[in-house]
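Inside the fold
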Amino acid sequence: LVDLCGYDESGQDLYAAIWEQSPGPAWQAFHGLDATQYQSRFSQLAAQGYLPHRVSGYTVGGVQRYAAIWQQRTSIGWQARHGIDAATYQRAFDDALYQGYQLRQVCGYATPAGPRFAALWDSQHYDAARLNGAEQIARSFMVRYNVPGLSLAISSGGRLVYARALGVAEQAN
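Residues numbered from 1 in each chain as written. Predicted model: local features only at pLDDT ≥ 70, side-chain atom pairs only at ≥ 80, totals over all residues. Heavy atoms only, no water.

Let's shift gears to the overall build of the protein chain. The secondary structure content of the protein chain amounts to 3 helices and 10 strands. Considering only C-alpha atoms, the protein chain reaches an extent of 60 × 40 × 30 Å along its principal axes. Among the 173 residues that make up the protein chain, the fraction classed as buried is 34%. Counted over contacts in the protein chain with a minimum sequence separation of 6, partners at least 24 positions apart contribute 57%. Carbon and sulfur atoms form 51% of the exposed surface of the protein chain, whose accessible area is close to 10,200 Å². Distance between charge centres in the protein chain, computed from 13 positive and 13 negative side chains, equals 8 Å. (Helix = DSSP H or I, 4+ residues; strand = E, 2+ residues; numbered from the N terminus. Buried < 20%, exposed > 50% of the residue type's maximum accessible area, 1.4 Å probe, protein only. Contact = heavy atoms within 4.5 Å. Areas by Shrake-Rupley, 256 points an atom, 1.4 Å probe, with all protein chains shown as cover. Lys, Arg positive; Asp, Glu negative; His and termini not counted. Charge placed at Lys NZ, Arg CZ, Asp CG, Glu CD.)

This is the structure in C-alpha cells:
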C-alpha cells in the first residue's frame, strides 16, 4: 500500500488506494480513526520506528476521520500536523520551510468548523537532534552573556536552510 484517500459517500466511510508490487519497508495502515485514535496510533507507531508516509483527512457524519500509512524507515528529520485550520497550516508550512523541511504530502478536507489540513514534511538538511543541539548552544550563550534574544540561521550552498528566533526582541525593564 503506497497511497490512500478516505472520503464520505452518503454517510459511509469509503477509501481509494494504490498498491505497488515491489519490495519495500515494513508498513502499517489504519483507517476510520477519529482525531484521538489517530494521535494515539501515531504516537505508538512513531515509538516503534514507523514514520508517517501518507495521511488522508476526511469527514463522515460531522466527525473528522483519518486514514494513514506508516513505514518503518529512517529519516534525518520529519514533521507532521493534522486537523489544523488554514492559518495554522500556513504558519506550519512557513516554519518548516525556513527550518529546512520539504513538504512531502498535504491533504485538505472540509469539516463543519471549516477547512482543515493534514501535512507531512521531511528534513532536507539536518535532523531534529542536531538542530536541538544548536539551539541549546545558542540558549547557553544567551544565559551566559545575558542576551535577551537572538536569531539562529544556517545556510547551505548560499541558501537559507534553517532559521529560528530565540528569546525576545525587547526586554521589559
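Two strands pair when backbone bridges link them, and strand E7 (residues 101-109) and strand E8 (residues 116-123) are joined in this way by 8 bridges, in the antiparallel orientation. Residue Gln105 lies in a different strand from E8, and its bridge partner there is Leu120. In sequence, E7 turns back onto E8 through a hairpin of 6 residues, with Gly114 there showing a positive phi of about 115°. (Pairing = 2+ DSSP bridges.)

Here the focus is the sheet that holds strand E3 (residues 27-33). Pairing between sheet strands relies on hydrogen bonds along the backbone, with the strands arranged either parallel or antiparallel. Here 3 strands make up an open sheet; going across it, the order is E3-E5-E4 and the pairing antiparallel. Two strands lie at the open edges of the sheet, namely E3 and strand E4 (50-60), each paired on one side alone. Across the sheet, the axes of successive neighbouring strands diverge by a mean angle of 10°, strand direction being ignored. Of the pairings in the sheet, the one linking E4 to strand E5 (residues 63-72) comprises 10 bridges and is antiparallel in character. Bridging across to E5, Ser56 finds its partner in Ala67. Packed onto the sheet, helix H1 (residues 35-47) meets E3, E4 and E5 and runs at close to 10° relative to E5. (Axes fitted to C-alpha atoms, helices over the stretch in contact; angles between N-to-C directions.)

The residue Ser10 is not glycine, and still its phi comes out positive at about 55°. Positive phi, close to 50°, is recorded for Asn146, a residue that is not glycine. Secondary-structure assignment places Asn146 in the loop between helix H3 (128-144) and strand E9 (149-156). Judged by its relative accessible area of 59%, Asn146 falls in the exposed class.

Let us look at the sheet that holds strand E6 (residues 78-84). Judged by pairing direction, the sheet is antiparallel, and its 3 strands sit side by side in the order E6-E8-E7 without closing on themselves. Looking at the sheet topology across the chains shown, the edges are occupied by E6 and E7. Adjacent strand axes in the sheet meet at a mean angle of 10° when their direction is disregarded. With respect to the sheet, helix H2 (residues 86-98) is in contact with E6, E7 and E8, its orientation differing from that of E8 by roughly 5°.

Mapped onto the secondary structure, Glu135 falls in helix H3. Given a relative accessible area of 10%, Glu135 falls into the buried group. Sequence-distant contacts of Glu135, defined by excluding residues within four places in its chain, comprise Leu152, Tyr162, Arg164 and Leu166.

This part is about the nonpolar core. Nonpolar side chains tend to gather and get buried jointly when the protein is soluble and globular. Among the nonpolar cores identified, the biggest contains 15 residues, and Tyr38, Val55 and Trp70 are the most heavily contacted of them. Those elements giving two or more residues to this core turn out to be E3, H1, E4, E5, E7 and E8. With sequence-adjacent residues up to four places away left out, Tyr38 is seen in contact with Leu33, Val55, Tyr66, Ala68, Trp70 and His82. The next biggest cluster of nonpolar side chains, apart from the first, holds 9 residues, and it includes Ala138, Met142, Leu150 and Val161. (Core = buried A, V, L, I, M, F, W, Y, C linked by side-chain atoms within 4.5 Å.)

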